[in-house]
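Inside the fold
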Amino acid sequence: MSTFSDVWKKFQAFLRFNPSLIQNIINDRYESGNAFLIVITSLISIYTALFVTTRFSNFMDIVFYGILDGAFAWIIASLGMWFILSRVFKENLDVNSVSTMTGYAHGIVAGISLVILLQNYLNLSARIIEIAILGIFLWLFYTISRTLEIGFLIDKRSSRISASVFIIILVWTSGPLKIFF
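What you are looking at is a predicted structure, and each value in this text was computed from that prediction instead of being measured.

A short note on the packing of aromatic side chains
Under the definition given, this model contains 5 aromatic pairs. Residues Phe36 and Trp74 carry aromatic rings whose centres are separated by 6.3 Å and whose planes lie at 40° to one another, so their mutual orientation is tilted. Residue Phe36 is found in helix H3 (residues 31–53), and its partner Trp74 is found in helix H4 (residues 59–88); the two are separated by 38 residues along the sequence. Centroid distance Phe64 to Tyr65: 5.2 Å. Interplanar angle 70°. Geometry classified as edge-to-face.

This is how it looks when you write it as structure tokens:
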């Protein structure tokens, strides 16, 4: 069982596109739990930033259902990406490996919490916030497509299309991310 600091170190190495670590993450069936931990942590960080900046009367209900909704959206988006890769591009991939890879990449979404906190304390304009959130999703797109190229040896065109499908499904089905679009 990995500690949170071990998972954090793997996440940082994952963002540096370490090929051997990406292969280990994709091939290890037990990494899906770590990916789930990263997804839950990124969703909690968004709600923590919202809690610090705004007040809700039923905040615990919003957080509980929002985290469940965000986790299911991640699974649905991963299944959609797997379907595109396996049925359209005829790649032979394991669903668990795809969901693990997208779970690690989902940690980038936690950057939205930094944007929320910066907006609250620095009073950033709406245009800067939009550009920052768009930059986070572009980084997510690049990370997923690059990881597909490194870990699964998929060509650029297929990896970019499937990364786009993942992000579209994620934003379309995730309640916490619909707040920002």
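Continuing now.
Things to note about the pattern of salt bridges
Inspection of every chain in the model, using the stated rule, returns 4 salt bridges. Between Glu149 and Arg146 there is a salt bridge; the shortest N-O distance is 3.6 Å. Of the two residues, Glu149 and Arg146 are both situated in helix H7 (residues 126–151); the distance of 3 residues between them amounts to about one turn of the helix. Using a relative accessible area of 15% as the deciding quantity, one classes Glu149 as buried.

Examining the environment of Ser125
Tracing the backbone through its elements, the reader meets Ser125 in the loop between helix H6 (111–122) and H7. Separated by 27 residues in sequence, Ser125 and Val98 have C-alpha atoms that sit 37 Å apart.

Here's the deal with a nonpolar patch on the surface
Where nonpolar side chains cluster on the molecular surface, the patch consists of Phe51, Val52, Leu118, Tyr121 and Leu122 and spans about 510 Å² of accessible area. Residue assignment for the nonpolar patch shows that the elements contributing at least two residues are H3 and H6. Ranked by the residues each element gives to the nonpolar patch, the list is headed by H6, at 3 residues. Position of Tyr121 among the secondary structure elements: in helix H6.

What to know about the nonpolar core
If you look at the biggest cluster of nonpolar residues, it comprises 57 residues, and the most contacted ones within it are Leu140 and Ile144. Elements with a contribution of two residues or more to this core: helix H1 (4–15), helix H2 (19–27), H3, H4, helix H5 (95–106), H6, H7 and helix H8 (156–173). Sorting elements by how many residues they give to this core places H4 first, with 11 residues.

Quick word on unusual backbone geometry
Non-glycine residue Lys90 carries a positive phi angle of around 55°. Mapped onto the fold, Lys90 is located in the loop between H4 and H5. Judged by its relative accessible area of 67%, Lys90 falls in the exposed class.

Focus on the side chain of Asn34
With respect to the secondary-structure elements, Asn34 resides in helix H3. Since its relative accessible area comes to 10%, Asn34 is described here as buried. Not counting residues within four places of it along the chain, the set of residues in contact with Asn34 comprises Ser2, Val7, Lys10 and Tyr104.

Rules and cut-offs
Residues numbered from 1 in each chain as written. Predicted model: local features only at pLDDT ≥ 70, side-chain atom pairs only at ≥ 80, totals over all residues. Heavy atoms only, no water. Phe/Tyr/Trp six-rings, centres within 6.5 Å; stacked < 30°, edge-to-face > 60°. Helix = DSSP H or I, 4+ residues; strand = E, 2+ residues; numbered from the N terminus. Salt bridge = Lys/Arg side-chain N within 4 Å of Asp/Glu carboxyl O. Buried < 20%, exposed > 50% of the residue type's maximum accessible area, 1.4 Å probe, protein only. Patch = residues over 30% accessible without salt bridge, like charges linked within 9 Å, V, L, I, M, F, W, Y side chains within 5 Å. Areas by Shrake-Rupley, 256 points an atom, 1.4 Å probe, with all protein chains shown as cover. Core = buried A, V, L, I, M, F, W, Y, C linked by side-chain atoms within 4.5 Å. Contact = heavy atoms within 4.5 Å.

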